[in-house]
Each structure stands twice: as structure tokens, then as C-alpha cells.
Amino acid sequence: MRNVAAVLHFCTDNPPTMMAYLLGHINYWLIIAVMMVGMFTMMSSPNLMKKLAGLSMFQTAVILFYVSVGKVDGGTAPIVTEAATRYANPLPQVLMLTAIVVGVATMALGFALIIRIRRAYNSMEEDNIHQQMEAEELD
Amino acid sequence: MEMLTVLLVVIPLISAPITAIIANRYVAWLITLVTCLALAGLSGVVLHHVISGEVIHYELGGWKPPWGIEYVIDSLNALVAVIVAFIALITVIYGSKSAEKEIHDSQIHLFYAAFQLVILGLLGMALTGDIFNLFVFLEISSLSSYALIAMGQKRQALVASFNYLMAGTLGATFFLLGIGFLYAASGTLNMADIALRFDQFSSMTLVITALLFILIGLALKAAVFPLHSWLPEAYTQAPTMVTVFLASTSTKVAIYVLIRTLYQVFPNTYWEEMLLPGFLLLSGCLGMLYGSYKAIRQVSIKRLLAYSSVAQLGYMVVGVGLNNEAGLIAAIVHMFNHAITKAALFMAAGLVLMRLHTTNLEKLRGAGKTMPWTTGAFALAGLSLIGVPGTAGFISKWYLVQAALEKGNYVVAGTILIASIMAIMYVWKIIETLYFEGPDKLTVHKVGSGKEIVPDLPVATFCCYVMVATCFYFGLYTDIPLEAANTAVEVLFSTGGGQ
């Protein structure tokens, strides 16, 4: 709560600095937006395909976040050349290569499951599938 | 010695693709068996080596930490590795018949390959000292377990697997985000290095955010109440062998990571003043009561046991939330004891399923008279689940109640006792149906006429009784888990408090 109060106080006292703060972190605001859109889709959509798309967006936002964190002011891509002296931090980028692979594997598995669910239930809508599941004998 | 530790991860990494390429179900089973034998032997040797407090460091590729990835093995993760490897071994012996029956012939080698990948992921999570490496292993084990669960016989298995995939990936992504925040604050991914330099950045607000994201991600993976919704269906619908293995290991490994993170990445002096211990206690207690309540109301044995897992995970979370040495010892020992107890119970449930094609209690009235051995395993392992003195389950609950009383937290102690009484109720529900109702004529379900032979499964029954015997053995001789837990807890509290 103290933090919130401090931020509010800061906002009312320094409108121009506040603006600079918002603009200076524009990449983070956008990442949060992408993340929330992804998560909302995942939670709210009854369509399994859209759920998976939401999950993918959510993962992508985290990847963008890591790359943002690794950015150094005035730094170029981390490839050693004569022309540059400042580089972006290569570690988050390397980590994200792994995370992208994991994401691709998750998506592939998700799609495979959706194909089989659609064959088994002839539907991709969660409500419809749940109706069919309730009608089935439990165990 | 150092080389042996990395073999625990390398062996399944090599054998899994080989199993997938050699498309023969007998060879696949044999390779899995040999792999598990090797892993069990290795993990036993490693635990024997570190149980008295020695720590093994292995630097992958010779890169010095904190730049390279490092495997750090102390008595805690050696104990977890032993749980994973030994349960994998016994599951493979137990499951050869059930896998033949439940998995299509053309997929059985892939099934075993995925099974080895889960073992690899869980062992990797246990052994690594690098937090990003941990995420990678977490995803390896999760992805292969989604695939394994989807191989269940009924079509509900697909939906269960999909829901698990959603929840699991969300959890893993939260965990990844938490690591990102932590890296932004600390500039390192090596757990020991983060802990060592924690004071330099602990004042940043970022660190609290990192802690919360990591915690929620792990809680989703460990199915801590109220984030458990994926667990009951996944365990009910998965093939027998997968249920036995995952129910006894995967959530335990996630709890281990939770303990490791809360004590050796974030020192416990950092979070003990926050609301966090209270939240852990609350979620643990509610989980115990809710899981037990739902378990009492189930009619399917598999689902009943799955809900009981949610309740038992509550005990471990309470052990962590109490944040004293006795509580942590209780959590670690319960991790061990519950793994063997649940393995025995799910093995018994699998036997019933294989012989009668149902685990619905309403169809099993009086089964105790026709299959005394199978139902006997339920009764004996059930004692350990309740925590009757002389069984493994008693030891950890005893420590947990002591830990709660030591903190003067009578509400928690009372809740543990109430949950144990509820455990008696749901175990009794199974026993009553099997022994004291009926005698209905038992029928094998969902089989064409002329095939109604109840198969004898001597090997699987034997494995089940090995686990039951283990429950009793570790109830009487508690040296191994207790010594490992004691050593581990000393180290955990010294790193947490000393900083």
C-alpha cells in the first residue's frame, strides 16, 4: 500500500516526469497488454483452439519481456564486430531460444490433442464436450 | 563420483530416443527396465555418499559456475532422486502387463520413450543447481506427462490431458517470468550465487514479484490447493502405470523445488515476515480438508485416491509454511512416505482395474472374498495413508503435529488431526465396500462374453506387495529418510539464516 501511495503522490506532483515514466517503459506496458490479452483469451474462450492461441500469446509476451530486459541503451545485437563497443545482453536471448523451442513443443502437443479431442467428441467447444462427458458413465 | 551424478540425467537422455527408434515393444520394455535399474543403483550410491552432509558439485562441460550450469547434489535432492528412480523401477516391473493391455501395440515403444523422458525431467529438476535449467527439465517432464496421460483408454483422458497442458504451461510460464524478474534483479541464474548475493538486491520490489510468480507457478505444478483442479482428472484417466508413477513422484518433485526455492534461492529470513507462511498454512489446511472431503464423496477408487493426493500435498505445504526445522523435516519425510504409500495404493487400484475393468466401488461389493490379495494390499497401504503407528505415514504426521505444537499453532495441529480422521473415513469406505458388503457376484465389465476370465497378475501383485512392505519397513526403520531430511534441513536453515 505504501508503494501505491508513493506512486499516486508522485503522479500528482510531477505530471511531466510521470509522462516520461510511462513512455520510458512503453515496451513493458505493451508486453503486459499482450500478456493479459493472451491470458484473458485462455480463460474466457470456450473454443479449445482459441484457448491454445491465448496460451501461445501469453508465452510470447514472456519471451518479449526477457528480450526487453536484456536490451542495453545504444547496444547492438550481441555479435562481436569492429564497429560496435556496446552490445545487448546475450544471455536472455539465448534463454529465450530455449523457451521458444519449449513453446513450439507445447503448441504441437496441444494441436495434436485438439485433433484427437475433435475426433473423439466431434467438437472443439468446451461446453459441448462437457455435456458429452457428463452423459458418459463415470469410470 | 561427480561423473555419476550427471549420468542420472544422461542415461535416460540417450536411452529414450533409442527406445523410440527401435519399434519393438519387448525391447522397449527391456531398455526401460535396464535404464531404471541403472538409475536406481546410481541414485542409491549418490544418496549413500551425500547423506552425511557432503555436497557434490558437477560443472557441465567444465564451465565454472556461476557462468556454466552446475549440478549440486546434497542429501535433499539425492533423496528426491532416490524416490524417483526406485519408484520408476518398480513401476516398470509392475506395469509391463498393464501397458500391454492399455496401450496400442504400435505406440508402446513411444509410450516407454515418453516414460523415460518423464524420469529424465524429474531427475533433472532434482539435481540441477541452475534455475533456468530447472525450468527446462520441468517442461521436459511436463510435456512428456501430457502425452502419457493422453494415452489413457477413454476419451476423457484427452480432455484431462488438455486441461493439464493448459494449467501446467501456465504454471511453467509463470515460473519462467519469475526467473526473468529474479535475473533482472540479480544478474545470475545459479541458485547458490543468487542466494549468496541476495542482500545486494533484496530491497528491490522486483524481488517480491519474482518470488510470487515463482511460487504460483510451482504451486500450479505441485497441485497445491486451490490450484489443484487438473490433478484428479489427469490421475483418474491416465494409464495405470502413468498414474502410479506420476502420483507418487511428479508433485513431490515440484514440492521439493518449492522447498529449494524458498530456502536456498530466497533466504527464509526474507519471506518469513511477509504474509507468505500464513498463506501456505491456510492453503495447506484448506487443501487437507477439501481433498479429504472430496475423497470421501467419490465412488471411483482412482479418483478417490487422486483427491486424497490433494489432501496429502496439503500436509507438505503446511510443513513448509510452519517454517521451523521440525516442520520442514516433516514435509520432506512426508514427501518420501507419501510417495511409497500412494504408489502402493495406485498399484492396488491398477490391479483391480486390470482384473475387473472397473474401479467403481459400487461394482466392487464383496471383492475381498474373491480377490483377497489385491484387496489386502488396499487395507495395508490404507493404514499407512491414515498414519497408523508402525507405518510410514505415521512418522511424518507425528513430526508434523509436533512441529505445529512447537510453533504453538493449535489450529493447524487440530486440522491435521481432523484430516487424518477424514482419511480413516475414505479408506474405510473402500475397505467396507470390498469386505463387508455384498456378496454380489463379481463381474468383469466391458468384455465380450466368453472372455470373462479374471487374469492372475503374479508379477504386478508382487510389486504391489513390495511397496506395501516398504510402507511398513519405513514405518519401523526410519533412518534413511530421517537422516537425509535432518542433514538437508540443517543446511537449508544455515544458508537461510546465516545470510
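Residues numbered from 1 in each chain as written. Chains lettered and ligands numbered in written order. Predicted model: local features only at pLDDT ≥ 70, side-chain atom pairs only at ≥ 80, totals over all residues.

Take the overall build of chain A next. Along its length, chain A carries six helices and zero strands. Going from N to C terminus, chain A has its helices and strands arranged as α-α-α-α-α-α. In chain A, which comprises 139 residues, the share counted as buried stands at 22%. A separation of at least 24 residues holds for 41% of the contacts in chain A among residues at least 6 apart in sequence. (Helix = DSSP H or I, 4+ residues; strand = E, 2+ residues; numbered from the N terminus. Buried ≥ 20, exposed ≤ 12 C-beta atoms within 10 Å, placed from the backbone. Contact = placed C-beta atoms within 7 Å.)

On a plain count of helices and strands, chain B comes out with 21 helices and two strands. Radius of gyration (C-alpha) of chain B: 22 Å, near the 23 Å computed for a compact globule of 499 residues. Dimensions of chain B, computed from C-alpha atoms along their principal axes, come out at roughly 75 × 55 × 40 Å. When the 499 residues of chain B are sorted by exposure, 63% land in the buried category. Across chain B, contacts joining residues at least 24 apart in sequence account for 81% of those joining residues at least 6 apart. (Rg over C-alpha atoms; globule rule 2.2 N^0.38 Å.)

Before going further, it helps to examine the interface of chain A and chain B. Interface size is commonly expressed as the accessible surface area that is lost when the partners come together. Facing 28 residues of chain A, the contacting portion of chain B comprises 26 residues. Sorting the residues of the side of chain A that touches chain B by element identifies α4 (48-69), α5 (90-121) and α6 (126-135) of chain A as the ones contributing at least two each. A total of 13 residues in the side of chain A that touches chain B trace back to one element, the largest contributor, which is α5(A). Of the residues that constitute the side of chain A that touches chain B, the class distribution is 20 nonpolar, five polar and three charged. (Nonpolar A, V, L, I, M, F, W, Y, C, P; charged D, E, K, R; others polar.)

What follows concerns the confidence of the model for chain A. Averaged over every residue, the pLDDT of chain A is 85; the share at 70 or more is 86%. The lowest-confidence element of chain A is helix α1 (residues 2-13) of chain A, averaging 60 in pLDDT; the highest-confidence one is α4(A), averaging 93. (pLDDT = per-residue confidence, 0-100.)

One full turn of an α-helix is made of 3.6 residues, so residues set three or four places apart face in the same direction. Along its 19 residues, helix α20 (residues 458-476) of chain B runs 27 Å from first to last C-alpha, staying within 8% of the 27 Å computed at 1.5 Å per residue. Here α20(B) has its buried residues at B:Ala460, B:Thr461, B:Cys463, B:Cys464, B:Met467, B:Val468, B:Thr470, B:Cys471, B:Phe474 and B:Gly475. (Expected span 1.5 Å × (residues − 1).)

Here we come to the pairing of strand β2 (residues 70-73) of chain B. Within a regular beta strand, the side chains point alternately toward one face of the sheet and then the other, so they alternate between its two faces. Residues and elements named next belong to chain B. A two-sided burial pattern is seen for β2, the buried positions comprising Glu70 and Val72 on one face and Tyr71 and Ile73 on the other. Of the strand pairs in this sheet, strand β1 (residues 56-59) and β2 are connected by four bridges, and their pairing is antiparallel. Bridged to isoleucine 56 within β2 is isoleucine 73. (Pairing = 2+ DSSP bridges.)

Attention now goes to the packing of helix α6 (residues 156-186) of chain B against helix α9 (residues 205-222) of chain B. Residues and elements named next belong to chain B. One can describe the packing of α6 onto α9 by two numbers: an axis separation of 7 Å at closest approach and a directional angle of 155°. By the angle class used here, α6 and α9 are roughly antiparallel. For the element pair α6 and α9, the recorded crossing hand is left-handed. Of the residues in the contact of α6 with α9, the class split is 18 nonpolar, five polar and one charged. (Axes fitted to C-alpha atoms, helices over the stretch in contact; angles between N-to-C directions. Parallel < 35°, antiparallel > 145°, perpendicular 65-115°, else oblique. Left-handed = near helix turned anticlockwise from the far one by under 90°.)

Our next topic: the packing of helix α17 (residues 372-386) of chain B against α20(B). Residues and elements named next belong to chain B. Where α17 meets α20, the closest approach of the two axes is 10 Å, and the angle between their N-to-C directions is 25°. What the angle tells us is that α17 and α20 run roughly parallel. Two packed elements cross with a definite hand, and for α17 against α20 that hand is left-handed. Contact residues: Trp373, Thr374, Ala377, Leu380, Ala381 and Ser384 in α17; Thr461, Cys464, Tyr465, Val468, Cys471 and Gly475 in α20. Residue classes in the contact of α17 with α20 are distributed as eight nonpolar, four polar and no charged.

All names here are of chain B. Over its 27 residues, helix α19 (residues 410-436) extends 37 Å from the first C-alpha to the last, a length consistent with the 39 Å expected when each residue adds 1.5 Å. All of the buried residues along α19 are Val412, Thr415, Ile416, Ala419, Ser420, Met422, Ala423, Tyr426, Val427, Ile430, Thr433 and Leu434. On its buried face, α19 sits against α13 (276-297), α14 (301-322), α16 (367-370), α17 and α18 (392-406).

All names here are of chain B. With omega at 0°, the peptide bond leading from phenylalanine 225 into proline 226 counts as cis. As for its position among the elements, proline 226 is in the loop between α9 and α10 (231-237). Unusually for a residue other than glycine, alanine 223 sits at a positive phi of about 60°. C-beta crowding within 10 Å serves as the criterion here: with 29 such atoms nearby, alanine 223 is assigned to the buried category. Phi at histidine 357 is positive, roughly 60°, even though this residue is not glycine. Along the chain, histidine 357 falls in the loop between α15 (325-356) and α16.

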